[in-house]
Amino acid sequence: MYINMTNEQRAEQIIKKYGFDFDKISKKEIIDLLCKEIEDYQAGSSEYIRVLCGYLYCIGDVSDIPLLEKAKYTINMDVGCMVDIEWIESLKNGGVDTPYVRNREEIINSFVIYYKEFESSDEW
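Here goes a summary of the coordinates provided. Bear in mind the structure is a predicted one, so any value in this text is a computation, not a measurement. (Residues numbered from 1 in each chain as written. Predicted model: local features only at pLDDT ≥ 70, side-chain atom pairs only at ≥ 80, totals over all residues. Heavy atoms only, no water.)

### Quick look at the overall build of the protein chain
So, step 1. Scanning the protein chain from terminus to terminus reveals seven helices and zero strands.
So, step 2. Mapped in sequence order, the helices and strands of the protein chain form the string α-α-α-α-α-α-α.
So, step 3. Here the protein chain has a C-alpha radius of gyration of 14 Å; the compact-globule value for 124 residues is 14 Å, and the two agree.
So, step 4. Dimensions of the protein chain, computed from the C-alpha atoms along their principal axes, are close to 40 × 30 × 25 Å.
So, step 5. Partitioning the intrachain contacts of the protein chain with sequence separation of at least 6 by distance along the chain shows that 66% fall at a separation of at least 24.
So, step 6. Across the protein chain, the mean location of the 14 positive side-chain charges is 4 Å away from that of the 24 negative side-chain charges. (Helix = DSSP H or I, 4+ residues; strand = E, 2+ residues; numbered from the N terminus. Rg over C-alpha atoms; globule rule 2.2 N^0.38 Å. Contact = heavy atoms within 4.5 Å. Lys, Arg positive; Asp, Glu negative; His and termini not counted. Charge placed at Lys NZ, Arg CZ, Asp CG, Glu CD.)

Encoded structure:
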């Protein structure tokens, strides 16, 4: 399905596939896709891995922190910048508002707003 697609195109397709009803998205599928991407990262825009990490944050819990940290810190600097530390810190602190981290609901709303109208800038 994602062969010969750029990372932005793959991000657009995954958003179309899953949407934003996080209760209906399979956490296992997101984890599997994210693990596969970490293992065999496709160079270029980091949008795809950012979307996967964002989905995992939105449907995940404290048990997902190590995988999010692995995605953020082990691939390259570009990915590290794209995976929001706020997602990791929010899971660590139970999603409550702090001076440095917004509450979980605000973070999820921001993710949805950003990606709701997302379209790849790459030509198909």
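Continuing now.
### A few points about helix 4 (residues 65–74)
So, step 1. Of the residues making up helix 4, those classed as buried are Ile 65, Leu 67, Leu 68, Ala 71 and Lys 72.
So, step 2. Check the buried side of helix 4 and you find it contacts helix 2 (27–39), helix 3 (47–59), helix 5 (77–82) and helix 6 (85–92). (Buried < 20%, exposed > 50% of the residue type's maximum accessible area, 1.4 Å probe, protein only.)

### Comments concerning the packing of helix 4 against helix 6
So, step 1. Remark: helix 4 packs on helix 6, axes separated minimally by 10 Å, with the N-to-C direction vectors making an angle of 160°. With respect to their mutual orientation, helix 4 and helix 6 come out roughly antiparallel. For the element pair helix 4 and helix 6, the recorded crossing hand is left-handed. Taking contact as the criterion, the partners of Ile 65, Leu 68, Glu 69, Lys 72 and Tyr 73 in helix 4 are, on helix 6, Ile 85, Ile 88, Leu 91 and Lys 92. (Axes fitted to C-alpha atoms, helices over the stretch in contact; angles between N-to-C directions. Parallel < 35°, antiparallel > 145°, perpendicular 65-115°, else oblique. Left-handed = near helix turned anticlockwise from the far one by under 90°.)

### Some remarks on the nonpolar core
So, step 1. Core analysis: the largest hydrophobic core is formed by 35 residues, its most contacted members being Ile 14, Phe 22, Ile 30, Leu 34, Cys 53 and Tyr 55.
So, step 2. When residues of this core are traced back to their parent elements, those giving at least two are helix 1 (7–18), helix 2, helix 3, helix 4, helix 6 and helix 7 (104–116). (Core = buried A, V, L, I, M, F, W, Y, C linked by side-chain atoms within 4.5 Å.)

### What about the side chain of Glu 86?
So, step 1. Positionally, Glu 86 belongs in helix 6.
So, step 2. Setting aside anything within four residues of it in sequence, one finds Glu 86 in contact with Tyr 100, Val 101, Arg 102 and Ile 107.

### What to know about the packing of helix 2 against helix 4
The geometry of a pair of packed helices is captured by two quantities: the angle between their axes and the separation between those axes.
So, step 1. Look at helix 2 against helix 4: their axes get within 11 Å of each other, and the N-to-C directions meet at 25°. Judged on the interaxial angle alone, helix 4 and helix 2 are roughly parallel. Taken as a pair, helix 2 and helix 4 cross one another with a handedness that is left-handed. Across the interface between the two elements, Ile 31, Leu 34, Cys 35 and Ile 38 from helix 2 touch Leu 67, Lys 70, Ala 71 and Thr 74 from helix 4.

### Here's the deal with the pattern of salt bridges
So, step 1. Considering all chains together, one arrives at 10 salt bridges under this definition.
So, step 2. One salt bridge connects Lys 28 with Asp 32, and the closest N-O pair in it is separated by 2.8 Å. With a gap of four residues between them, Lys 28 and Asp 32 both fall in helix 2, about one helical turn apart.
So, step 3. Since its relative accessible area comes to 58%, Lys 28 is described here as exposed.
So, step 4. A cluster of three or more residues bridged by salt bridges with shared partners is formed by Lys 27, Asp 61 and Asp 64. (Salt bridge = Lys/Arg side-chain N within 4 Å of Asp/Glu carboxyl O.)

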